[in-house]
Amino acid sequence: MTVNLEVADGVGTIRLDRPPMNALDIATQDRLRELAEEATRRDDVRAVVIWGGEKVFAAGADIKEMQVMDHAAMVVRSKALQDSFTAVARIPKPVVAAITGYALGGGCELALCADIRIAADNAKLGQPEILLGLIPGAGGTQRLARLVGPSKAKDLIFTGRQVKADEALTLGLVDRVVPAAEVYEQAHAWAARLAAGPALALRAAKESVDAGLETDIDTGLTIERNWFAGLFATEDREAGMRSFVEEGPGKAKFR
């Protein structure tokens, strides 16, 4: 398999495994969607790490596969391509991308689907599709602009240039830069800490932020209010408040 899901201690690692560059061919895209949906369903997966291995995250789409496709073929395929990445973005649990080496084109778009991005100090990110006479087609024009703002997104998309980890951090494209040997360890630690948290509250927080960004402030506040009130029906809310009153903050054990 070109993508695998490994689960331990509440953390599911979605591991890209298509040497040498983890090119995202159609089979890999489809498998990615399947595993994102599996991670969504499984109760033993409470947080997710997306990981390409020690050397590379993903260098983009399989250009040789795409080269032989005509307009009609891509009209059919482009929706499935976007759906694969959207399935990752809509995992209702905390998701972190652990980025080593190249995250270009589809690889960068996949990283954009995570809630946070931890990058190696040797990482390079970018949307080089313009150099092929194309634009990003797996969410890059939309998620990148929402993350870093339209002007910075246009610069990256118009030029197709690659940015090193330090510039990616300055742009807000990644959230943390660490030594390459520590990327997965730190990403897993972030996920493991949240895997021990209140699952429904984390889901509520993620969906409130994501859905709120797509609408006006009043609708966003309604989404937040409904989730906030709904959490008062959960055992985790009872446990969290009881622990706070009896033991102080930060000591609750969530089921």
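Going by the structure above, here's the rest.
Remember, predicted model here, so these are calculated numbers, not experimental data. Throughout, a residue's number is its position along its own chain's written sequence, starting from 1. For this predicted model, a pLDDT threshold of at least 70 governs which residues receive local features, and a threshold of 80 or more governs which side-chain atom pairs are given and counted, while totals over whole chains, interfaces and linings are taken from all residues. Side-chain calculation: all heavy atoms of the structure are included, whereas hydrogens and water are not.

A.B. asks: Report on the overall build of the protein chain, specifying residues and quantitative values.
C.D. replies: Of the regular secondary structure elements, the protein chain holds eleven helices and nine strands. Atoms counted for the radius of gyration: C-alpha only. Globule rule: 2.2 Å times the number of residues to the power 0.38. Relative to its length of 255 residues, the protein chain is compact, with a C-alpha radius of gyration of 19 Å against a globular reference of 18 Å. If one aligns the C-alpha atoms of the protein chain with their principal axes, the spans along those axes are about 65 × 40 × 35 Å. For the protein chain, the proportion of its 255 residues judged to be buried stands at 43%. Contact criterion: two residues are considered in contact whenever any of their non-hydrogen atoms come within 4.5 Å of each other. Restricting to contacts in the protein chain with at least 6 residues of sequence separation, those with at least 24 account for 69%. To be clear on the numbers: accessible area is Shrake-Rupley with a 1.4 Å probe, and residue cover counts the displayed protein chains and nothing else. When the accessible surface of the protein chain is summed, it comes to about 13200 Å², and 56% of that surface belongs to carbon and sulfur atoms. Side-chain charges in the protein chain split into 31 positive and 36 negative, and the spacing between the mean points of these groups amounts to 1 Å. Segments assigned H or I by DSSP are reported as helices when at least four residues long, segments assigned E as strands when at least two residues long, and all are numbered from the N terminus. Buried residues are those whose accessible area, probed at 1.4 Å on protein chains only, stays under 20% of the maximum for their type, while exposed residues exceed 50% and partly exposed ones sit between those limits. Residues counted as positive are Lys and Arg, residues counted as negative are Asp and Glu, and His and the chain ends are not counted. Positions of charges follow a simple convention, taking NZ of Lys, CZ of Arg, CG of Asp or CD of Glu.

A.B. asks: Could you give me a rundown of the pattern of salt bridges, with the residues and numbers involved?
C.D. replies: A pairing counts as a salt bridge when a side-chain nitrogen of Lys or Arg comes within 4 Å of a carboxyl oxygen of Asp or Glu. Evaluated as defined, the whole model comprises 16 salt bridges. Across the pair Asp 83 and Lys 79 runs a salt bridge, and its minimum N-O distance is 3.0 Å. Here the residue Asp 83 and the residue Lys 79 both occupy positions in helix α3 (residues 71-89), the gap between them amounting to four residues, near one helical turn. Residue Glu 167 is joined to Arg 161 by a salt bridge in which the shortest nitrogen-to-oxygen separation is 2.7 Å. Judged by relative accessible area, which is 27%, Arg 161 ranks as partly exposed. One network of salt bridges, in which partners are shared, links Asp 30, Arg 33, Glu 37 and Arg 77.

A.B. asks: So what's going on with unusual backbone geometry? Which residues, and what values?
C.D. replies: Note: most peptide bonds trans; most residues except glycine with negative phi. Cis rather than trans, the peptide bond between Pro 19 and Pro 20 has omega equal to 5 degrees. For Pro 20, the position within the fold is in the loop between β2 (11-16) and α1 (26-41). Of note, the phi angle at Asp 9 is positive, near 55 degrees, even though the residue is not glycine. Within the secondary structure layout, Asp 9 lies in the loop between β1 (3-8) and β2.

A.B. asks: An account of the side chain of Gln 29 is requested, with residue identities and associated values reported.
C.D. replies: By the secondary structure assignment, Gln 29 is in helix α1. Among the residues examined, Gln 29 registers a relative accessible area of 7% and is labelled buried. Ignoring sequence-local partners within four residues, the contact set of Gln 29 consists of Leu 24, Arg 77, Leu 81 and Ser 84.

A.B. asks: Which residues make up helix α5 (residues 140-148), and what values do they have?
C.D. replies: Of all the positions in α5, only Gly 140, Leu 144 and Val 148 are classed as buried. Looking straight down α5, one finds its buried side chains confined to an arc of 20 degrees; they lie on one side. As for α5, its buried residues are in contact with α4 (106-112), α6 (150-159) and α7 (165-171). Downstream of α5 by one or two residues, Gly 149 has phi in the positive range, about 95 degrees. To obtain the arc, one takes the directions from the helix axis to the C-beta atoms.

A.B. asks: Summarise the environment of Ala 233; cite the residues concerned and give the values.
C.D. replies: Within the fold, Ala 233 resides in the loop between α10 (217-230) and α11 (235-247). Taking the C-alpha atoms as reference points, Ala 233 and Gly 101, separated by 132 residues in sequence, lie 45 Å from one another.

A.B. asks: So what's going on with the packing of helix α9 (residues 199-213) against α10? Residues and values would help.
C.D. replies: With their axes 9 Å apart at the nearest point, α9 and α10 run at an angle of 170 degrees to one another. For the element pair α9 / α10, the angle class is roughly antiparallel. Together, Leu 200, Arg 203, Ala 204, Glu 207, Ser 208, Ala 211 and Gly 212 of α9 and Gly 220, Ile 223, Glu 224 and Trp 227 of α10 make up the contact between the two elements. Only the stretch in contact is used when fitting a helix axis, every axis being a line fitted to C-alpha atoms; angles between N-to-C directions are given from 0 to 180 degrees. The cut-offs work like this: below 35 degrees is roughly parallel, past 145 is roughly antiparallel, 65 to 115 is roughly perpendicular, and the gaps in between are oblique.

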